[in-house]
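The chain contents come next:
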There are 2 protein chains.
Amino acid sequence: MTKIKAFAAQDAESTLGPWNLERRAPGPKDIQIEILYCGVCHSDLHQIRNEWGNSIFPMVPGHEIVGRISKIGSEVKKFKVGELAGVGCLVDSCRKCENCKEGLEQYCLNGSSPTYNGLEQDKKTPTYGGYSKMIVADQDFVLQISDKLPLQNVAPLLCAGITTYSPLRHWNVGKGHKLAVLGLGGLGHMAVKFGVSFGAEVSMLSSSPSKKDDARKLGAHKFVLTSDPEQLKAVQGSFDFIIDTVSAPHDYNEYLGLLRTNGVLVCVGAPPAPAQIYAFNLIGGRKSIAGSLIGGLPETQEMLNYCADHKIVSDVELIDIQDIHRAYDRMLKGDVKYRFVIDIATL
Amino acid sequence: MTKIKAFAAQDAESTLGPWNLERRAPGPKDIQIEILYCGVCHSDLHQIRNEWGNSIFPMVPGHEIVGRISKIGSEVKKFKVGELAGVGCLVDSCRKCENCKEGLEQYCLNGSSPTYNGLEQDKKTPTYGGYSKMIVADQDFVLQISDKLPLQNVAPLLCAGITTYSPLRHWNVGKGHKLAVLGLGGLGHMAVKFGVSFGAEVSMLSSSPSKKDDARKLGAHKFVLTSDPEQLKAVQGSFDFIIDTVSAPHDYNEYLGLLRTNGVLVCVGAPPAPAQIYAFNLIGGRKSIAGSLIGGLPETQEMLNYCADHKIVSDVELIDIQDIHRAYDRMLKGDVKYRFVIDIATL
């Protein structure tokens, strides 16, 4: 075991602070990564506050992890010491169920191991995330990271990136499609970038007029101010696909009305309260409301490779770890363009 | 114009009774059909009671119409006098929008003309349905009916049949799939028959133990008593597709839990109140909840041909039109196997 520095929440009420964490010595198939940057995801805040009711304390958040490999196990072939590497939302899964076999580890039928606030596959050992100096993970759950892209901007691809890439690929969104992105935050800005890159006509839907210029800068072709009934009316029945990144409660029926026949609204944000959906709004145009969860390991690597090839990264604000609570406060207000990333050197 | 006998509701409070209806003389492209049988759909009752808030009175319900052609317009080529013919839920649509051009007239972007409680494409003339002696409709909205099947059992195919056939075809349900059918009524019993015919493993989900034998007789391979938590638990995460025919309020989340990864729950019944859906229940397995509305004219004809080829019909109880209110009462209690059909000779 190695003692390393981390930032942890001791319970749902306290603030994050320094904590010494023990990491296992790398086994034959493990990779040890010295963490350089870790993205700040909205789910970090949900979980340290136990807003989903499943928190394990002490908790070291962080599942957008990039760094450099410092040790590898004796059986590791895919990675070398000194290379860049990443860890996303998962550090293990059962590897035996039909979903794991298909590379859909995020839907592991026996329960995957989240990178933090979860348990290893022994179902006993808690997992700790990337607000820490170092992580040890099985090679099959470690991602190869290109050295062609600015590393701090790559970190958020591990969650915000794959969470939007995966549904766009699953539903084959591309040329000839009209894609709307609801909400311009960490996930939304990546959805715009991927949608544009895949050839779709991308509209940003936002209730805030100030996002119009931002959306255009990210490549969005159109902007719809959702607080303006006229603008909403003008796009009724027009989108093939809406990617809904909003995790605050909102009226799904309104957005179902913006879909064309056979259109799909995909939720990647999960409001805590149930959505009230009129079946008529689905029936009237053979519409669907669907959900999508991050992505499996093969698709996450595919996404990272795609980003390296197409020079796609997240827009980030680099912070010192001591500023994490100020960052959370700003994140709650939507005041970040578009993802905070912790410089782990400050830990 | 021709005066014909019909049964109509004069307002939302009154019972149905005799009414004389005027039908147009057939134009060059019209077909005049002497109605022999008309199915009784749950939506008939919703609409005569104005439960959807859009009722036009006097109202002559009925959109599962079969009969014999008595006149054809001068330009009609597809039909001959003396042949059997049917009219389903639509008598016209704009025919110009992209959906109409694709044969998806049920999703006409300019508003289709429902067979009753609607307006013709002049957006002025009310339409009157099949609780009447005769109907005149454009040849493009008239279906060819095989003389190989018992005619009274064919009538419900025009709504209950196509409403379940269409989503099963759209989502390619067939061999290797596990299909669950929720609710064993007019729609549900057709969903079972089609699902079995398409090669799926079909499970009937019902809260009523008495439906077990019925489901088996219809061909269902399995039965799940939804009021028994143990039986529900045993089928968690097991279905590729659920066709939900229930129009009473019910908990969709419970049924989303029965879907496999990538599973789809399709609503063909529309409860008046919104469904409360937790986004997590969709996200957790890339699941969808979708809707589907009847079917277009080409697919309705395809379904009728399929039924003739595969000897599929609806199980019906033939009633005199004077017994319509007793039939509605029994329908509300689910006491019908599985569709009432009016013998129009009794009118």
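Residues numbered from 1 in each chain as written. Chains lettered and ligands numbered in written order. Predicted model: local features only at pLDDT ≥ 70, side-chain atom pairs only at ≥ 80, totals over all residues. Heavy atoms only, no water.

### Details of the relation of the copies chain B and chain A
Which entries qualify depends on this criterion: Here the copies are superposed with least squares, the fitted atoms being C-alpha atoms of residues at a pLDDT of at least 70 in both. When checking whether two residues touch, look at their non-hydrogen atoms; a contact exists if any pair is within 4.5 Å.
Overlaying chain B with chain A gives an RMSD of 0.0 Å, the required rotation being 180° about an axis along which the chain moves by 0.0 Å. The superposition operator between the copies reduces to a two-fold rotation axis. It is Gln276(B) whose C-alpha, among those of chain B, lies nearest the rotation axis, at 2.3 Å. Of the residues that chain B buries at the interface, 100% are likewise interface residues in chain A, meaning the two copies contact each other through the same surface.

### Concerning the domain arrangement of chain A
Residues and elements named next belong to chain A. Short version of the rule: Domain boundaries shown here were taken from an automatic or database domain assignment. For any pair of parts, buried area is found by adding up, for both, the accessible area (1.4 Å probe) each one loses once the two are put together. Salt bridges are identified by distance alone: a Lys or Arg side-chain nitrogen within 4 Å of an Asp or Glu carboxyl oxygen. Comment: elements are numbered from the N terminus, with helices defined as DSSP H or I runs of at least four residues and strands as E runs of at least two. Three categories are distinguished: nonpolar for Ala, Val, Leu, Ile, Met, Phe, Trp, Tyr, Cys and Pro, charged for Asp, Glu, Lys and Arg, and polar for the others, with Gly belonging to the last.
Taken domain by domain, chain A holds domain 1 (2-159 + 295-346) and domain 2 (162-291). Its C-alpha centre places domain 1 at a distance of 27 Å from the equivalent point of domain 2. The partner domain 2 presents 18 residues to the 19 residues of domain 1 that form the contact. Summing the contributions of domain 1 and of domain 2, the shared interface buries around 1700 Å²; its carbon and sulfur component is 54%. Interface area lost by domain 1 to domain 2 is led by Glu299, Tyr306 and Tyr338, which between them contribute 34%. Where domain 1 meets domain 2, there are 2 salt bridges. Residue Lys337 pairs with Asp214 through a salt bridge whose shortest N-O separation is 3.2 Å. The biggest single contributor to the side of domain 1 that touches domain 2 is helix α10 (residues 297-310), with 7 residues. A per-class count over the side of domain 1 that touches domain 2 returns 9 nonpolar, 5 polar and 5 charged.

### Here's the deal with empty space enclosed by the protein
We count it as follows: Computed over the protein atoms alone on a 1 Å grid, cavities are sets of points where a 1.4 Å probe fits but cannot get out and pockets are open sets with protein on both sides within 12 Å along at least five of seven lines; a residue lines them when it has an atom within 4 Å of a point. Grid points are joined across faces, edges and corners, and a volume is the space filled by probe spheres set on the points.
One pass over the full model with this rule turns up 3 cavities of 30 Å³ or more. Taken as a whole, the largest cavity holds about 90 Å³ of empty space. As for the largest cavity, its lining consists of Gly88(B), Cys89(B), Leu90(B), Phe141(B), Leu143(B), Leu158(B), Ile162(B), Ile294(B), Gly295(B), Leu297(B) and Thr300(B). Looking at the lining of the largest cavity residue by residue, the classes come out as 8 nonpolar, 3 polar and no charged. When its volume is computed, the second largest cavity comes out at roughly 70 Å³. Together, Gly88(A), Cys89(A), Leu90(A), Phe141(A), Leu143(A), Leu158(A), Ile162(A), Ile294(A), Gly295(A), Leu297(A) and Thr300(A) line the second largest cavity. Its residues assigned to classes, the lining of the second largest cavity shows 8 nonpolar, 3 polar and no charged.

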